[in-house]
Amino acid sequence: MVTVSVKWQKQVFPGIEIDTSQSPIVFKTQLYTLTGVPPERQKIMVKGGILKDDADWSTLAVKDGQKLMMIGTADEIVRAPEKSPVFVEDLPEEEQAAAMGHSAGLYNLGNTCYMNSTLQCLHSVPELKSALLSYSDNVRGTGVDQTSHSLTVATRNTFGELDQSVRPVAPLHFLQMLRKKYPQFAQQQNNVYMQQDAEECWTQLVYTLSQTLTSEASEPTASQMKELFGIDLVSRVHCAESGEESSEAESVYSLKCHISHDVNHLHEGLKHGLKTELEKVSPSLGRTAIYTRVSRINDLPRYLTVQFVRFFWKRESNQKAKILRKVDYPLELDVYDFCSDELKQKLQAPRQVMRDAENAKFGLKLQGKTNSLKDIEGSSTSAGESSSMDIDKADSSIPKKQITGVYDLIAVLTHKGRSADSGHYVGWVKQDDGKWIEFDDDNPSIRKEEEILKLSGGGDWHMAYICLYKARVI
């Protein structure tokens, strides 16, 4: 047994006994308990160099009272946590919901996936939830029928349950009010409720909310649904045979992507959807004639709904048949080319600010005269802030001229199967942190972004039926 002292940094540890019958790793373990330096990091200077773990003490000539030097970095001292760990299951239910990072699922109440997927996609719009929260239980505006009022209250309550629950929600009251307002969703076959078309459910619910949330009873949310989802179109209607020409204006809540053999991308389908043929009576010809209607967007919403027209009525089978063709859609959709000249003019300044901000973000030199947000009335933020292109979820009063015409995908409603009235519907929703959640009824699961782009069709897998895009504003 040999007694030595060891110098490490500015400290000296005297009276350390070395059992020379044991390998040096035992000595290093002793030093670890004193210094916190793991054996693999210790460099101890002895005769002949650095002490190795398997060295023979008898060859090192270590003597009593000898001072050895050690070099090495100690492990960080593990401190007790300031707060005791809290398990998710011990949190209040509202906090559990927040910790999950996404809202709850919805139980399938018997062929109600069409309804569940619609609710999950619309639930992704925070401004809609805010408008519903201000809607009164007891008061309804002039011209609003009781069933519309009840469906609106049920929508509000269901959204609230989704936000506060960690367990799947059973939307029974909403389903009852939906069927009361729109009896077609209560159709049965052999005493079993039938599958329904999710697009019809989406359209009817948005229409109902557009009526109730603009009533006198909800004055603060007047025009909210139109601002959030409404699209103003201007159309030129022309008859090549008679030379007649007229213009029309209308407001819609979705754009249609028409699918044919030459449509491979959403842009092509939208172009087809904005140019249609119709047959009507020509005053100058005194008979029916073919007219061509070419439409352009004259005002854009905060949220752009796009429906893929995948179903058509098949007389042979007497049902809606499905077009399985693959149609790609982007994560970022620019609709500038589909806008009227008037709207394009309004979009030019915001789009330039957006481009300048993107160029600055990537360190690119700005070209020409740089617009600032101060040049655009109603804005108070600076173009140098990357967050200036994000929508403030709580503020719905951003002037339309600050919309850029560029939209980001935030939700996809898909259908799997061969008929609109059969198969299965699922909602895919992007979260605030950028991750995607597949809401398959009561079973939400995390998905990667590349999986979302694979929902474009071309087989029997889930394919996009409705896409919801969020406006990128400056």
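Structure shown above.
Bear in mind the structure is a predicted one, so any value in this text is a computation, not a measurement.

1. Section: the overall build of the protein
If you tally the helices and strands in the protein, you get 11 helices and 21 strands. Looking at the protein as a whole, 44% of its 474 residues are labelled buried. In the protein, once contacts between residues fewer than 6 apart in sequence are set aside, the share between residues at least 24 apart is 67%. For the protein, the computed accessible surface area is about 24600 Å², with 49% contributed by carbon and sulfur atoms.

2. Describing helix α6 (residues 172-181)
Restricting attention to buried positions, one finds in α6 the residues F174, L175, M177, L178 and R179. In the core, the buried residues of α6 are packed alongside α3 (113-122), α5 (146-164), β7 (192-193) and α7 (198-212).

3. Notes on the environment of K129
As for its position among the elements, K129 is in helix α4 (residues 126-133). Setting aside chain neighbours within four positions, we find K129 in contact with H123, F159 and D163.

4. Here's the deal with the sheet that holds strand β2 (residues 11-18)
Strand order in the open sheet formed by five strands is β2-β1-β5-β3-β4, with mixed pairing between adjacent strands. One side of each edge strand has no neighbouring strand; the edge strands of this open sheet are β2 and β4 (49-50). In terms of strand pairing, strand β3 (residues 43-46) meets strand β5 (residues 67-71) through three bridges, oriented antiparallel. What sits directly across from M45, in β5, is M69. Sheet contacts for helix α1 (residues 24-35): β1 (2-8), β2, β3 and β5; angle to β2, the most-contacted strand, approximately 145 degrees.

5. A look at the nonpolar core
Residues Y114, L128, L178 and F229 are the most contacted members of the largest nonpolar core, which totals 48 residues. If you look at the next biggest cluster of nonpolar residues, it comprises 37 residues, including L270, L304, C467 and A471.

6. Here we look at the packing of aromatic side chains
This structure, assessed with the given rule, holds seven aromatic pairs. Ring plane angle 75 degrees and centroid distance 5.8 Å describe the contact between F27 and W57, whose orientation is recorded as edge-to-face. A residue pair is termed long-range when its members are at least 10 positions apart, and F27 in helix α1 and W57 in the loop between β4 and β5 qualify at 30 residues. As far as the burial class goes, F27 and W57 line up, both buried. Site record: aromatic cluster; members linked through ring pairs are Y114, Y182 and F185. One residue, R179, lies across the ring of Y193, its end atom 3.7 Å from the ring centre. It is K280 that lies over the ring of Y291; its NZ or CZ is 4.7 Å from the centre.

Quick notes on the rules
- Within each chain, residues carry numbers counting from 1 in the order of the written sequence.
- Confidence filtering applies because this is a predicted model: local features only for residues at pLDDT of at least 70, side-chain atom pairs given and counted only at 80 or more, and all residues used for totals across whole chains, interfaces and linings.
- Note that the side-chain values use all heavy atoms of the structure and ignore hydrogens as well as water.
- Labels follow the DSSP assignment, with helices taken as runs of H or I lasting at least four residues and strands as runs of E lasting at least two, numbered in each case from the N terminus.
- Under the scheme applied here, a residue whose accessible area is under 20% of the maximum for its type counts as buried, over 50% as exposed, and between as partly exposed, the area being computed with a 1.4 Å probe on protein chains only.
- Residues are treated as being in contact if the distance between any of their heavy atoms lies within 4.5 Å.
- Only the protein chains shown count as covering a residue, and every accessible area follows the Shrake-Rupley method with a 1.4 Å probe.
- Any two strands with at least two DSSP-identified bridges between them are counted as paired.
- Every angle, taken between N-to-C directions, lies between 0 and 180 degrees, and every axis is a line fitted to C-alpha atoms, over only the stretch in contact when it is a helix.
- The criterion is simple. A nonpolar core is a set of buried Ala, Val, Leu, Ile, Met, Phe, Trp, Tyr and Cys residues joined through side-chain atoms within 4.5 Å.
- Here a pair means two rings of Phe, Tyr or Trp (six-membered ring of Trp) with centres within 6.5 Å. Their orientation is stacked below 30 degrees between planes, edge-to-face above 60, and tilted elsewhere.
- When the NZ atom of lysine or the CZ atom of arginine is within 6 Å of a ring's centre and also within 35 degrees of its normal, the charge is said to sit over that ring.

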